[in-house]
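Observations on the model geometry
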Amino acid sequence: MEILVTYDVSTETSAGRRRLRRVAKVCEGYGQRVQKSVFECSLNEGQLEILRHRLVKEMKRGEDSIRIYRLREPHSRYVEVFGVSPVLDLREALVV
């Protein structure tokens, strides 16, 4: 399934800035960054459950917000991109 992960982590303190880096690092392990705090991921149910658990563990519930959206298939029909961000097919191999 295709999902979109968005987050807003409070960075008013040094602890918040560390949380922001940890949340981003977790997301990098599961998908492709498409904006600063937005990741597109292609996961199965088990991977999604692990991702949820890891993200909730990193956040501070009273200060931070994480949203996970399930994208409709086919992805290209429901997503439009304008500007510098390329459209990526998450099902294909990513070469870094």
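Look above for the structure.
Everything in this summary refers to the structure shown in the same document. (Residues numbered from 1 in each chain as written. Predicted model: local features only at pLDDT ≥ 70, side-chain atom pairs only at ≥ 80, totals over all residues. Heavy atoms only, no water.)

1. Observations concerning the sheet that holds strand β4 (residues 65-70)
One open sheet accounts for four strands, arranged β2-β3-β1-β4; its pairing is antiparallel. With one partner strand each, in any of the chains shown, β2 (31-35) and β4 form the two edges of the open sheet. Averaged over all neighbouring strand pairs, the angle between strand axes comes to 25°, with direction disregarded. Bridge analysis of β2 against strand β3 (residues 38-42) gives four bridges, and the strand direction is antiparallel. When the sheet's bridge partners are listed, glutamine 35 is paired in β3 with valine 38. Each of β1 (2-8), β2 and β3 touches helix α1 (residues 14-28); the most contacted strand, β1, lies at about 175° to it. Packing against the sheet, helix α2 (residues 45-58) makes contact with β1, β3 and β4, and its axis sits at approximately 170° to β4. (Pairing = 2+ DSSP bridges. Helix = DSSP H or I, 4+ residues; strand = E, 2+ residues; numbered from the N terminus. Axes fitted to C-alpha atoms, helices over the stretch in contact; angles between N-to-C directions. Contact = heavy atoms within 4.5 Å.)

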